[in-house]
Amino acid sequence: MSQIKTNKFLEIALEQIPRLLGQLNRNPSSISYGSFDRAFWHYRTNDISCVRYQEATLTLALLYCHNFEGNNYYQDKKVFEWIRASLLFTVRLQRRNGSFDEWYINEGSYVATAFQVVALSQAIILFREKGVVLPEEAVVLTCLEKAIQFLIKNKEETVMNQVSGAILAIASVGYLCQRKDLIIFADNLLDDFITKQNFEGWWSEYGGPDIGYLTLTINYLEKYQTLTGSQKVTPVISKAKDFVLAFINPDLTAGGEYMSRNTEYIIPSAALPYLGALKPLHLDDRYLCYILYNWIEAGLKILPQDFELHKGNNFYRNSRLLRVASESYFLVVNGDKGGSFRLYSNGKVYYDSGLEISSRLGRFSTGILDKNNKVLFGHGEFLASGSVKVIREPLMKTLTTIVFKFWQFFLGRVSFFQKLVKDFLRPRMINYSSRSSLTFERKFKYSKDEIIVTDIIYGGAKNDIKFGVKASYSAVPSSKYAAVPENDSLRLHPDFEEKEENELYLIKRIFHFGI
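Definitions and limits used
Residues numbered from 1 in each chain as written. Predicted model: local features only at pLDDT ≥ 70, side-chain atom pairs only at ≥ 80, totals over all residues. Heavy atoms only, no water. Helix = DSSP H or I, 4+ residues; strand = E, 2+ residues; numbered from the N terminus. Rg over C-alpha atoms; globule rule 2.2 N^0.38 Å. Buried < 20%, exposed > 50% of the residue type's maximum accessible area, 1.4 Å probe, protein only. Contact = heavy atoms within 4.5 Å. Areas by Shrake-Rupley, 256 points an atom, 1.4 Å probe, with all protein chains shown as cover. Lys, Arg positive; Asp, Glu negative; His and termini not counted. Charge placed at Lys NZ, Arg CZ, Asp CG, Glu CD. Core = buried A, V, L, I, M, F, W, Y, C linked by side-chain atoms within 4.5 Å. Salt bridge = Lys/Arg side-chain N within 4 Å of Asp/Glu carboxyl O. Polar contact = N/O pair within 3.5 Å; in protein donor to acceptor, adjacent residues only side chain to side chain. Patch = residues over 30% accessible without salt bridge, like charges linked within 9 Å, V, L, I, M, F, W, Y side chains within 5 Å. Pairing = 2+ DSSP bridges. Phe/Tyr/Trp six-rings, centres within 6.5 Å; stacked < 30°, edge-to-face > 60°. Lys NZ or Arg CZ within 6 Å of the ring centre and 35° of its normal. Expected span 1.5 Å × (residues − 1). Axes fitted to C-alpha atoms, helices over the stretch in contact; angles between N-to-C directions. Parallel < 35°, antiparallel > 145°, perpendicular 65-115°, else oblique. Left-handed = near helix turned anticlockwise from the far one by under 90°.

Turning our eyes to something else, we now look at the overall build of the protein. Within the protein, the secondary structure is distributed over 15 helices and 14 strands. Relative to the globule expectation of 24 Å for 515 residues, the C-alpha radius of gyration of the protein, 24 Å, shows essentially globular dimensions. For the protein, the spread of C-alpha atoms along the principal axes amounts to about 75 × 55 × 40 Å. Each of the 515 residues in the protein was classed as buried or not, and the buried ones make up 58%. Long-range pairs, those at least 24 residues apart, make up 70% of the contacts in the protein with a sequence separation of at least 6. Here the protein has roughly 22,300 Å² of accessible surface; of this, 53% comes from carbon and sulfur atoms. Placing the 62 positive and 55 negative side-chain charges of the protein at their respective mean positions leaves the two points 4 Å apart.

Judged by nonpolar contacts, the single largest core of 125 residues is most densely connected at Leu20, Leu60, Phe127, Leu151, Phe243 and Phe247. Counting residues per element, this core draws most heavily on helix α6 (residues 110-130), which supplies 14 residues. Once residues within four sequence positions are removed from consideration, Leu151 is found in contact with Tyr110, Thr113, Ala114, Ala166, Ala169 and Ile170.

Next up on the list: the side chain of Asp210. Its location among the elements puts Asp210 in the loop between α9 (180-195) and α10 (211-228). No salt bridge is formed by the buried Asp210; the nearest opposite charge belongs to Arg261, separated by 6.0 Å. A polar contact of 3.3 Å, which involves the side chain of Asp210, links it to the backbone nitrogen of Gly212. Not counting residues up to four positions away in its chain, the partners in contact with Asp210 are Glu205, Met259, Ser260, Arg261, Asn262 and Thr263.

Looking now at a nonpolar patch on the surface. On the surface, Phe406, Trp407, Phe409, Phe410, Leu411, Val414, Phe416 and Leu420 cluster together into a nonpolar patch covering about 790 Å² of accessible area. Of all the elements in the fold, those that place two or more residues in the nonpolar patch are α14 (398-411) and α15 (415-429). Tallying contributions element by element places α14 first for the nonpolar patch, with five residues. Structurally, Leu420 can be placed in helix α15. For Leu420, a relative accessible area of 41% gives the class partly exposed.

Applying the stated criterion across every chain yields a total of 30 salt bridges. In this structure, the salt-bridge partner of Asp336 is Arg320, at a minimum N-O distance of 2.6 Å. Remark: Arg320 occurs in the loop between β1 (312-316) and β2 (321-325) and Asp336 occurs in the loop between β3 (330-334) and β4 (340-345); sequence separation between them is 16 residues. Accessibility classification places Asp336 together with Arg320 in one group, the buried group. Put simply, Glu257, Glu264, Arg342, Lys470 and Glu486 are held in one network by salt bridges that share partners.

We now examine the pairing of β4. By the criterion of burial, β4 is predominantly enclosed, with six of the six residues buried. Both faces of β4 are covered, namely the face carrying Ser340, Arg342 and Tyr344 and the face carrying Phe341, Leu343 and Ser345. Pairing of β3 with β4, which is carried by five bridges, proceeds in the antiparallel orientation. Bridge pairing in β4 links Asn334 to Ser340. Between β3 and the antiparallel strand that follows it, β4, lie five residues; Gly338 among them carries a positive phi value of about 70°. With five bridges connecting them, β4 and strand β5 (residues 348-352) associate as antiparallel partners. If you follow Phe341 over to β5, its bridge partner there is Asp352. Linking β4 back to β5 in an antiparallel pair, the connection comprises two residues, with Asn346 at a positive phi of about 55°.

Another aspect to go through is the packing of aromatic side chains. Geometrically, a pair of aromatic rings is defined through the distance of the ring centres and the angle of the planes. Scanning the model with the defined rule gives 25 aromatic pairs in all. Judged by centre distance (5.6 Å) and plane angle (85°), the rings of Phe243 and Tyr316 are edge-to-face. Pair noted here: Phe243 is in helix α11 (residues 234-246) and Tyr316 is in strand β1, with a separation of 73 residues, a long-range link. Residues Phe243 and Tyr316 agree in their burial class; the two are buried. For the pair Phe406 and Phe410, a centre-to-centre distance of 4.8 Å together with 50° between the ring planes defines the contact as tilted. With Phe406 and Phe410 both in helix α14, this residue pair falls four residues apart, about one helical turn. For the cation-ring pair, Arg261 lies above Tyr213, with the distance from its terminal atom to the ring centre recorded as 4.1 Å.

With that out of the way, let us pick up unusual backbone geometry. Trans peptide bonds make up most of the peptide bonds, and negative phi angles are found at most residues other than glycine. Phi is positive for Gln178, which is not a glycine, with a value near 55°. Positionally, Gln178 belongs in the loop between α8 (160-177) and α9. Judged by its relative accessible area of 74%, Gln178 is exposed. One non-glycine residue with positive phi stands out, namely Tyr206, at about 55°. On the secondary structure map, Tyr206 appears in the loop between α9 and α10. For Tyr206, a relative accessible area of 10% gives the class buried.

Taking 1.5 Å as the rise per residue, helix α7 (residues 137-153) with 17 residues should run 24 Å; its terminal C-alpha atoms sit 25 Å apart, in good agreement. Buried residues of α7: Glu137, Val140, Leu141, Cys143, Leu144, Ala147, Ile148, Phe150 and Leu151, and no others. Lining the buried residues of α7 we find α5 (77-92), α6, α8 and α9.

Where α8 meets α10, the closest approach of the two axes is 9 Å, and the angle between their N-to-C directions is 20°. Classed by the angle they form, the pair α8 and α10 counts as roughly parallel. Judged by the twist between their axes, the crossing of α8 over α10 is left-handed. Contacts from Asn161, Ser164, Gly165, Ile167, Leu168, Ala171, Ser172 and Tyr175 in α8 reach Tyr213, Leu216, Thr217, Tyr220, Lys223, Tyr224, Leu227 and Thr228 in α10.

Here it is in structure tokens:
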């Protein structure tokens, strides 16, 4: 048997397999045998089994089919039993309209349906390539074809990484079922998707670019190219890759709070063969099940490469991002997020996700994404101004939960109400921008040896103002991990000045980089 030499991608993925298997219901007589949602089958605190956990099936399929150093799961009889159980359980989770649920009953989730179809179809393609006879194949394919019809009937415009997953899902089922109509539909959807790529290289994620989700999009597009042989995605991937590379931070996190959805991970691929700071070890159980297979797929094809940070001073006019990478420091600022920024120098970092203001009127932030912010860029200067936003952090309460579940149980299965609920929740949970009467101005003056950040708050007293905070309040499940220590001892400490007069409060921070 051939051996595939272990590399870091494979090594760090294998280390997490015991944790992954701990999520799987391996009790053969259980009614939920094959569920990867431990909160559903073991803790019994969830009333649905989230279908996206079932993407872990592809992780097990990769382990079963590939013989490489340290892989004790290769062609293991028990592993194959678990794969079959997971497939059958997944089929049982499908709704009448072909969709699947991720967060709540009768959700009709576009992303969960698309990404689950990708995982299962890729697993079946792998089994066919390796000559593995899967008794459940016909049942699974029927399920996947039904799911594709749901994707075809629905449209996603706000979160574009989900569309890249849908393109791959439709093409994969077309390939498996030898349906040319699906392959053509996927290709047409891809054409439309390409037209929506910003000339800077990104697709919109709730109003702006996000690096973690862009690496996922690149990964899906690469798989589409491998499946179909399409060359039209080559320049598209190249442009997206260039944008990603600009925002991999010196500590190998990618993006962060200065991007639209605050993610910091790199999904590895041939275009991005990098081992980021955020590894499978740092993921929670949910996202371990969702995306662990990507590190195995990468490790079976490529070795991790060292990342080289490129120097330069760039202002991205569409995303309104400033990037300054010099010998002295690395700075990224996002004008749409009120001048939220990160600054690295000499192995230390300074985070600032905008000013946070607490008063008797509520809690506010200048760092919530708002395309209405005014942004000005000049030589050595950058200014962002706009309205201070209300911080919303809607937590689930008992009465709300009862009413919501009652609604979903009886009305949620109707497509019209599914869309209505999603349209209601999105602006309240993820991409909200509720302005207040307070206004702000943040100005950067930067040179070779110094950065001066000046904040002015108009229309309020000092109250309790926090700055230099790494924070985000939108509901983005794949953010807020702790891959890199955020200890105070590892942070830059600027000189500080403040002034308060009438209804104006001024904060000035000065960072020095001289020898």
